[in-house]
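Each chain is listed here by its residues.
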Amino acid sequence: MIERTEKKTLLAGSILFQGLSNELINRLVSISRQKQYCKGETIFLEGRPSHGFYLIIQGQVKIFKASAEGKEQTFYTFGPGEPFGLTTLFLNKKSPACATSMVPTTVLFFPKEKLLQLTVDHPPLALSMLSGLSQRLCQLVEKIGSLALHGAPHRLSAHLIYLAEQQGRTDQVFLDMPKKQLACLLGTTPENLSRIFADMSNEGLIKMNGKCVQLLRYRKLLQHK
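Note that this is a predicted model, so its numbers are computed, not measured.

Colleague: Explanation requested: the nonpolar core in the structure shown.
Modeller: Here is a general trend for soluble globular proteins: nonpolar side chains tend to be buried in one another's company. Counting residues in each nonpolar core, the largest one holds 24 residues, and the members touching the most others are Leu156, Leu160, Leu182, Met200, Ile206 and Leu215. Counting residues per element, the ones that place at least two in this core are helix H5 (152-167), helix H6 (179-185), helix H7 (190-202), strand E11 (212-215) and helix H8 (218-224). The greatest single-element share of this core, amounting to 6 residues, is contributed by H5. Once residues lying within four places of it in the same chain are set aside, the contact partners of Leu215 are Ala164, Thr170, Asp171, Gln172, Val173, Leu205, Ile206 and Leu221. By size, the runner-up hydrophobic cluster in this structure holds 21 residues, among which are Leu55, Leu89, Leu118 and Met129.

Colleague: Looking at this model, I keep getting lost on the packing of helix H1 (residues 4-12) against helix H2 (residues 22-31). Mind explaining?
Modeller: To describe two helices that pack against each other, one gives the angle between their axes and the distance between the axes. Interaxial distance between H1 and H2 falls to 10 Å at its minimum, and their mutual angle equals 115°. Considered as vectors, H1 and H2 are oriented roughly perpendicular to each other. Of the two possible hands of crossing, H1 and H2 adopt the one that is right-handed. Taken together, the residues of H2 that come into contact with H1 (itself represented by Arg4, Lys7, Lys8, Leu11 and Ala12) are Asn22, Ile25, Asn26, Leu28, Val29 and Ser30.

Colleague: What exactly am I supposed to notice about the packing of H5 against H7 here?
Modeller: Two elements in contact, H5 and H7, have axes whose closest approach is 10 Å; the angle formed by their N-to-C orientations is 70°. By the criterion of interaxial angle, the relationship of H5 to H7 is roughly perpendicular. Counting all contacts with H5, which are made through Ala152, Pro153, Leu156, Ser157 and Leu160, the residues of H7 involved are Asn192, Leu193, Ile196, Phe197 and Met200. Considering only residue class, the contact of H5 with H7 consists of 8 nonpolar, 2 polar and no charged.

Colleague: What exactly am I supposed to notice about helix H3 (residues 112-121) here?
Modeller: Owing to its 3.6 residues per turn, the α-helix brings residues three or four apart onto one side. Of the residues making up H3, those classed as buried are Lys112, Leu115, Leu118 and Thr119. End-on view of H3: buried residues confined to an arc of 130°, all on one side of the axis. Among the exposed residues of H3, those oriented more than 90 degrees off its buried face are Glu113 and Val120.

Colleague: For this particular structure, what's the right way to read the sheet that holds strand E5 (residues 72-78)?
Modeller: What links the strands of a sheet is backbone hydrogen bonding, and the strands pair in either a parallel or an antiparallel sense. Across the sheet, which stays open at both edges, the 4 strands sit in the order E2-E7-E4-E5 with antiparallel pairing between neighbours. Both edges of this open sheet fall to strand E2 (42-44) and E5, since each of them pairs with a single strand only. Pairs of neighbouring strands in the sheet enclose a mean axial angle of 30°, with direction left out of account. In terms of strand pairing, E2 meets strand E7 (residues 98-101) through 2 bridges, oriented antiparallel. Among the inter-strand pairings, Thr42 is bridged to a residue of E7, identified as Thr100.

Colleague: What is the right way to read the UniProt feature "domain: HTH crp-type" (unreviewed entry) in the chain from this model?
Modeller: Residues annotated in UniProt with the feature "domain: HTH crp-type" (unreviewed entry) correspond here to residues 150-219. With 54% helix and 16% strand, the stretch residues 150-219 has end C-alpha atoms that lie 19 Å from each other.

Colleague: Can you help me understand the sheet that holds strand E10 (residues 206-209) in this one?
Modeller: Here we have 3 strands laid out as an open sheet, ordered E9-E11-E10, and antiparallel in their pairing. Pairing within the sheet leaves two strands with one partner each, and these edge strands are strand E9 (172-174) and E10. Pairs of neighbouring strands in the sheet enclose a mean axial angle of 20°, with direction left out of account. Judged from the 4 bridges that link them, E10 and E11 form a sheet pairing that is antiparallel.

Colleague: Would you explain the state of the cysteines in this entry?
Modeller: Should the sulfur atoms of two cysteines be covalently bonded, the bond is a disulfide. One pass over the full model with this rule turns up 0 disulfides. No disulfide involves Cys38; its sulfur sits 18 Å from that of Cys98, the nearest cysteine. The exposed category is assigned to Cys38, whose relative accessible area is 53%. Here Cys98 stays free of any disulfide, with the sulfur of Cys184 as its closest cysteine sulfur at 12 Å. Since its relative accessible area comes to 9%, Cys98 is described here as buried.

Parameters at a glance
Residues numbered from 1 in each chain as written. Predicted model: local features only at pLDDT ≥ 70, side-chain atom pairs only at ≥ 80, totals over all residues. Heavy atoms only, no water. Core = buried A, V, L, I, M, F, W, Y, C linked by side-chain atoms within 4.5 Å. Buried < 20%, exposed > 50% of the residue type's maximum accessible area, 1.4 Å probe, protein only. Helix = DSSP H or I, 4+ residues; strand = E, 2+ residues; numbered from the N terminus. Contact = heavy atoms within 4.5 Å. Axes fitted to C-alpha atoms, helices over the stretch in contact; angles between N-to-C directions. Parallel < 35°, antiparallel > 145°, perpendicular 65-115°, else oblique. Left-handed = near helix turned anticlockwise from the far one by under 90°. Nonpolar A, V, L, I, M, F, W, Y, C, P; charged D, E, K, R; others polar. Arc of directions from axis to C-beta. Pairing = 2+ DSSP bridges. UniProt positions renumbered as here; feature names shortened; annotations may be inferred. Disulfide = S-S within 2.5 Å.

Now the structure itself:
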C-alpha cells in the first residue's frame, strides 16, 4: 500500500486534477481504493457495466477490442500516472473496450457514484476533469489521423518520439511492450514491423539491442513524426 502523501502527489500530477485545491485532492484520495493486478489479468471487459475509473500507480495497461475470432486491436497503452476507464464515466453505458494489465500493475480505483457526487458538490473538479478529457480527445483524434493518413514507418517514428518524451531521453528508449503488441498498436503486422525496424537500422536512424532502441538521428525521426 502506498502512503497517503504519495497518493496526493500522484493525483496532483494527473491531467485530470492539475491545479485543484489541497482539500479536493484529499477528498479524491478518501474515495479511492488501491487495487493490484497480475500480468495479463483482466481489469474490465467490453460490454460490461462501468463502475468507475482508474489511475495507474505502477505498471502498464492496454485498452483493446477483441473479435469473436480472437483478433485484437490495441487502442492505447497507459503507464504510471495515467488515468483510464474514462469513456463511460459520465454516461450510463457499458464499457466499449477491454482493459488488461501488461505487467504486474497497481492502480487507484475511483467509484463512479462517489466521484460524480464530488463533481456536483465541487464544480472546479468537474471543470478540471473536462479539461483532462478534452486533452484525451485531442490525442485520440491525432492517433486516428496518424493511422488513416500515414504509413506504418511514420507511425513507428512517432511512437519512438513519444517514448523518448515519456522517458525523458533523446539518445535511446526502451520499448514498453512486446513487438507483437506494438505492431497491433501501430496497425500493422509483426512481420512488417520487423522489416521497418530493419529498414530504419539500415538507414542509420536507430540501432536495436533487444528492447533498447538507440536513437542515432533523433532530429531525423522528428521530421518523420
